[in-house]
2 protein chains.
Amino acid sequence: MAKQIHSVIPLTLNALKAACSQCNLRELCLPYGLSEQEVEAVDNMVGVRRRIKRQQHLYRAGEAFEAIYAIRSGFFKTDVLLEDGRDQVTGFQMAGEILGMDGISGEAHTCNAVALEDSEICVIPFVHLERLSREIQALQHHFHKVMSREIVRDHGVMMLLGTMRAEERLAAFLLNLSQRFTARGYSPAEFHLRMTRDEIGSYLGLKLETVSRAFSRFQDEGFISVQQKHIRILNIAGLKTLLTHQAS
Amino acid sequence: MAKQIHSVIPLTLNALKAACSQCNLRELCLPYGLSEQEVEAVDNMVGVRRRIKRQQHLYRAGEAFEAIYAIRSGFFKTDVLLEDGRDQVTGFQMAGEILGMDGISGEAHTCNAVALEDSEICVIPFVHLERLSREIQALQHHFHKVMSREIVRDHGVMMLLGTMRAEERLAAFLLNLSQRFTARGYSPAEFHLRMTRDEIGSYLGLKLETVSRAFSRFQDEGFISVQQKHIRILNIAGLKTLLTHQAS
DNA sequence: CAGAGGTGTTGACACAAATCAAACGCTTAG
DNA sequence: CTAAGCGTTTGATTTGTGTCAACACCTCTG
């Protein structure tokens, strides 16, 4: 894991030109109502596509910030490391979501982005994005919304970490995944976890044993069935009850 | 507290025109190197100043989003409420910091912003900001940095909530306040807390009793002296040790 | 096909923080 | 000046989650 030569080597064969105009994730990445001309400008803004293999870093904390990344396919995690070795998974990202906005503030990335499965991303050089944003109002506004959405998401995680108990956190996590898979046309009830129990635990502020126990409990109660990373939600309403109900 | 008539009534007397060009917080709110002409444009972009009295809301979750706010003076908290009554303080903001970016994504605010002392803010209508951002590149980039900084800050809070123990959280909190007061020309070692133990606890994911006990312990150890809301840091290095050291 | 290593589950126990409870001390209002 | 009320401190106890440990399972490699 630590032995990867270095970061990501862009494979020339895979350095295909992206084409937002053709992309089925268009509605996730781009605003509505762009003219043909504007979409073409966006096509030109987006640099290359790049494949990132499982366990490879898309970027690392400390690296110079030059671009943000749109996930075309695959699954990522982002995490922050403390000097003393502790780390915190700050998010899991899937197709259509944007990575790298943490880097804008300090001209360097502040977290690591790691592919949890073989993935494909579009490189969006940031100077290009800013230039085009100055020309296309809808694009500008859309980008602001994307950043704002990230802030709102982070607030949700704070709520989760600050006020919820272990089972509530896991229920919230599963419901969130379910909802995001649904939005991408996958089953709301059945999916594969791309991350380990340890990574889930880090994200939720729990130890992996606690995550495992909560999964087992959910299974015992008939809310879900778990086999390794394969999850089937049997009772969404039941999971939701865990969330709203538990006022202490 | 719940009886305030409604939100914030702009007092016409206080609806003074802001003047960024004259503002001593200029370097916090604005990019370097704007031309005179550009600063004047920014002056025009910023709407009015508004006074918010202690315990008044600057905005509430659900209200339409129309502007972001720069704090001229004073102190705020932001918090998110869950249906079941739980709430999470998501941040404390002081002079020169920006409030309201959570509202961009959904056209409505997603959290509440409450003044913790009598405060003064500059209203920045968002359409104006976007318009001017399209004209002044430095302003655009600066705003992107501000949003990104908020994301990075949120990651820090996640780290805190996800991996730290009670005393580490409080130490991190005090050091962060100290550093921000310092940046504003106040004493790094002596300050007044504007928030209650309960609010600190909510922010740090702890109960108020735990916060109180941690304060007492810090005092016993000679790191700080506490008298109600008056804090004096006696041993910054000691507090820092609490952070780096505690790898479990 | 076997073995190794990474990953996940489960149990026993320890411990940090929550909870419950009482009292104290500021601050505010009459 | 006094009383009321909120915020804070401190103590006793409970409890949820962490820790440590053993084992089972799955996957990949040779």
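Since we're looking at a predicted model, the values are computed, not measured. (Residues numbered from 1 in each chain as written. Chains lettered and ligands numbered in written order. Predicted model: local features only at pLDDT ≥ 70, side-chain atom pairs only at ≥ 80, totals over all residues. Heavy atoms only, no water.)

*Asks:* Please explain the relation of the copies chain A and chain B as it appears in this structure.
*Replies:* With an RMSD of 0.0 Å, chain A superimposes on chain B once it is rotated by 180° and translated 0.0 Å along the axis. In short, the pair behaves as if placed about a two-fold rotation axis. Among all C-alpha atoms of chain A, that of Arg134(A) lies closest to the rotation axis, at 2.1 Å. When the interface residues of chain A are mapped onto chain B, 100% of them again lie at the interface, so the same face is used by both copies. (Least-squares fit on C-alpha atoms with pLDDT ≥ 70 in both. Contact = heavy atoms within 4.5 Å.)

*Asks:* Hey, could you run me through the pattern of salt bridges in this one?
*Replies:* For side chains bearing opposite charge, pairing can occur when the charged atoms are close. This structure, assessed with the given rule, holds 28 salt bridges over all chains. Arg184(A) is paired through a salt bridge with Glu97(A); the nearest N and O atoms lie 3.4 Å apart. Note that Arg184(A) is positioned in the loop between helix H5 (166-183) and strand E7 (190-192) and Glu97(A) in the loop between strand E4 (87-94) and strand E5 (98-99), a separation of 87 residues in sequence. Among the salt bridges present, the one from Arg232(B) reaches Glu190(B), with a minimum N-O distance of 3.2 Å. With Arg232(B) in strand E9 (residues 230-233) and Glu190(B) in strand E7 (residues 190-192), this residue pair connects regions lying 42 residues apart in the sequence. For Arg232(B), a relative accessible area of 38% puts it in the partly exposed group. Salt bridges linked by common partners bring Arg49(A), Arg72(A) and Glu120(A) together as one network. (Salt bridge = Lys/Arg side-chain N within 4 Å of Asp/Glu carboxyl O. Helix = DSSP H or I, 4+ residues; strand = E, 2+ residues; numbered from the N terminus. Buried < 20%, exposed > 50% of the residue type's maximum accessible area, 1.4 Å probe, protein only.)

*Asks:* When you look at the protein's contact with DNA strand C in this model, what are you seeing that I'm missing?
*Replies:* If you check the shell around DNA strand C, you find 17 residues, and the closest are Arg197(A), Ser216(A), Ala166(B), Lys207(B) and Thr210(B). The protein-proximal atoms of DNA strand C, defined as those within 4 Å of the protein, are 65% sugar or phosphate. Within the contact set of DNA strand C, a phosphate oxygen lies 2.8 Å away from a side-chain nitrogen or oxygen of Arg197(A). Taken together, the residues of the surface near DNA strand C sort by class into 3 nonpolar, 6 polar and 8 charged. (Near = heavy atom within 4 Å. Polar contact = N/O pair within 3.5 Å; in protein donor to acceptor, adjacent residues only side chain to side chain. Nonpolar A, V, L, I, M, F, W, Y, C, P; charged D, E, K, R; others polar.)

*Asks:* Quick question: what am I supposed to make of the domain arrangement of chain A here?
*Replies:* In many analyses, interface size is given as the accessible surface area lost on bringing the parts together. All names here are of chain A. The domains assigned to chain A are domain 1 (12-147) and domain 2 (164-245). For domain 1 versus domain 2, the separation of C-alpha centres amounts to 27 Å. Taken together, the contacts link 15 residues of domain 1 with 11 residues of domain 2. Of all residues in domain 1, the largest losses of buried area upon contact with domain 2 belong to Phe75, Phe92 and Met94, amounting jointly to 45% of the total for that side. In this assembly, domain 1 and domain 2 are joined by 4 salt bridges. Looking at the side of domain 1 that touches domain 2, the elements with two or more residues in it are strand E3 (67-81), E4 and strand E6 (112-125). Ranked by residues supplied to the side of domain 1 that touches domain 2, first place goes to E4 with 8 residues. For the side of domain 1 that touches domain 2, the class distribution of residues is 7 nonpolar, 4 polar and 4 charged. (Domains from an automatic or database assignment. Buried area = accessible area lost by both parts, 1.4 Å probe.)

*Asks:* I tried to follow unusual backbone geometry on my own but got confused; where do I start?
*Replies:* Residues other than glycine predominantly adopt negative phi, and peptide bonds predominantly adopt the trans conformation. Residues and elements named next belong to chain B. For Gln55, which is not a glycine, the phi torsion comes out positive at approximately 75°. Residue position: Gln55 is located in the loop between strand E1 (49-52) and strand E2 (57-59). Under the relative-accessibility criterion, Gln55 is labelled partly exposed at 27%. At Glu107, a residue that is not glycine, the phi angle is positive and equals roughly 65°.

*Asks:* So what exactly am I meant to see when it comes to the interface of chain A and chain B here?
*Replies:* Each partner contributes to the interface: chain A provides 48 residues, whereas chain B provides 49 residues. Taken together, both faces of the contact between chain A and chain B bury some 4500 Å²; the carbon and sulfur share is 61%. Of all residues in chain A, Arg86(A), Arg134(A) and Met158(A) bury the most surface against chain B, accounting for 16% of the area lost on that side. At the junction of chain A with chain B, the criterion picks out 4 salt bridges. A salt bridge links Lys145(B) to Glu107(A); the shortest N-O distance between them is 2.8 Å. For the side of chain A that touches chain B, the elements supplying multiple residues, two or more each, are E3, E4, helix H3 (126-135), helix H4 (137-163) and helix H8 (236-245) of chain A.

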